[in-house]
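Architecture at a glance
Take a look at the letters that make up each chain.
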Amino acid sequence: MRALARAERADVLRAWNGLGYNRRAVALSESARVIVRDLGGRVPQDPEVLMRLPGVGPYTAAAIASIAYGRPVPALDTNVRRVVGRFALGAESHEVSASAVREAAVSLLDRRDPAAWNQAVMDLGREICRPIPACDACPLSVGCRYRRAGRRGGRARSGQGRFVGSFRQVRGAVVRVLAAEGPRTLGALSLRTGEPIDRIARAARALASEGIVRAGREALAGNPRGRMRLG
């Protein structure tokens with residue numbers, strides 16, 4: 001934790017490269033600094049305190065509190081909300097209030113082992129209780145209000161949009177070049193990535209607003225000579 005808190009943001013982003021959204025690395029770096037500076041270097045147990053850390057929302061706070069510390073709180077990701085909504089309320093989670101789903105989850109939670117309960121329900125929602133559920137394979141099917149009502153799920157979502165050619169791809173390409181080669185101008189980044197200057201400039205503005213890169217005024221204005229660097 002202390003090593004992460006001391007690390008330069010650029011080094012954190014290089015280590016993170018390929019692990020997902022880069023803004024998560026920024027939030028992780030900032031959270032480590034807050035924990036070391038304000039909390040004695042220990043990750044807090046209380047979900048309310050955890051949610052004050054950069055980038056930590058209700059789900060992440062509950063997952064840390066329950067899995068790391070055994071605190072009896074449900075970690076309500078998309079899969080858990082779907083399982084709880086169907087099993088306990090006989091409805092899709094978007095058909096009922098968030099508070100109703102949370103109350104149902106609290107009533108079902110295994111308070112002796114909340115970590116195992118949360119992870120098991122996440123797995124159940126990911127593997128079996130999918131948008132189109134495999135009810136015949138579900139260990140909860142006998143008591144499921146959703147199945148007793150004769151419901152069989154909706155159309156599966158198509159998921160995230162295509163990556164190739166997307167703005168996400170441009171952002172990722174810029175970060176990879178800066179991580180591997182150090183500071184570069186927009187013009188150099190355009191040549192290295194094969195993307196036009198206007199898209200590189202747009203990526204510069206977005207990445208700078210999230211603290212992932214530092215870009216000079218010229219770069220933010222779209223000048224090919226404007227320079228960018230990580231962190």
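Residues numbered from 1 in each chain as written. Predicted model: local features only at pLDDT ≥ 70, side-chain atom pairs only at ≥ 80, totals over all residues. Heavy atoms only, no water.

**Notes on the side chain of R9**
- Counting through the fold element by element, R9 comes out in helix α2 (residues 9-16).
- Given a relative accessible area of 18%, R9 falls into the buried group. (Helix = DSSP H or I, 4+ residues; strand = E, 2+ residues; numbered from the N terminus. Buried < 20%, exposed > 50% of the residue type's maximum accessible area, 1.4 Å probe, protein only.)

**Examining the side chain of N118**
- Within the element layout of this structure, N118 appears in helix α8 (residues 114-127).
- From its side chain, N118 meets the backbone nitrogen of A75 in a polar contact 2.9 Å long.
- In this structure, N118 is in contact with S66, V73, P74, A75, V80 and L109, ignoring residues within four places of it in sequence. (Polar contact = N/O pair within 3.5 Å; in protein donor to acceptor, adjacent residues only side chain to side chain. Contact = heavy atoms within 4.5 Å.)

**Here's the deal with the packing of aromatic side chains**
- One pass over the full model with this rule turns up 0 aromatic pairs.
- Positioned above the aromatic ring of Y146 is the side chain of R86, whose terminal nitrogen or guanidinium carbon lies 4.8 Å from the ring centre.
- The lysine or arginine in question, R202, covers the ring of F167, its NZ or CZ lying 3.9 Å from the ring centre. (Phe/Tyr/Trp six-rings, centres within 6.5 Å; stacked < 30°, edge-to-face > 60°. Lys NZ or Arg CZ within 6 Å of the ring centre and 35° of its normal.)

**A word on the sheet that holds strand β2 (residues 213-215)**
- What the 3 strands build is an open sheet, ordered β1-β3-β2; its pairing is antiparallel. For this open sheet the edge positions go to β1 (184-185) and β2, each flanked by a neighbour on one side alone.
- Across 2 bridges, the pairing between β1 and strand β3 (residues 227-230) is antiparallel. Bridged to R184 within β3 is M228. (Pairing = 2+ DSSP bridges.)

**A word on the packing of helix α6 (residues 78-89) against helix α7 (residues 98-108)**
- Where α6 contacts α7, the two axes come as close as 9 Å, and the packing angle between them is 80°. With respect to α7, the element α6 is oriented roughly perpendicular. Listed contacts from α7 to R81, V84, F87, A88 and L89 of α6 are A100, V101, A104, A105 and L108.
- Looking at side-chain class alone, the contact of α6 with α7 contains 9 nonpolar, no polar and 1 charged residues. (Axes fitted to C-alpha atoms, helices over the stretch in contact; angles between N-to-C directions. Parallel < 35°, antiparallel > 145°, perpendicular 65-115°, else oblique. Nonpolar A, V, L, I, M, F, W, Y, C, P; charged D, E, K, R; others polar.)

**Digging into empty space enclosed by the protein**
- Taken as a whole and judged by the stated rule, the model has 1 cavity of 30 Å³ or more.
- The calculated volume of the largest cavity comes to roughly 130 Å³.
- C129, P133, C135, C138 and C144 are the residues nearest the centre of the largest cavity, which is lined by 14 residues in total.
- A per-element tally of the lining of the largest cavity places α6 first, with 3 residues.
- Class assignment for the residues of the lining of the largest cavity results in 12 nonpolar, 1 polar and 1 charged. (1 Å grid on protein atoms, 1.4 Å probe; cavity = no way out; pocket = protein on both sides within 12 Å on 5 of 7 lines; lining within 4 Å. Points joined across faces, edges and corners; volume = space filled by probe spheres on them.)

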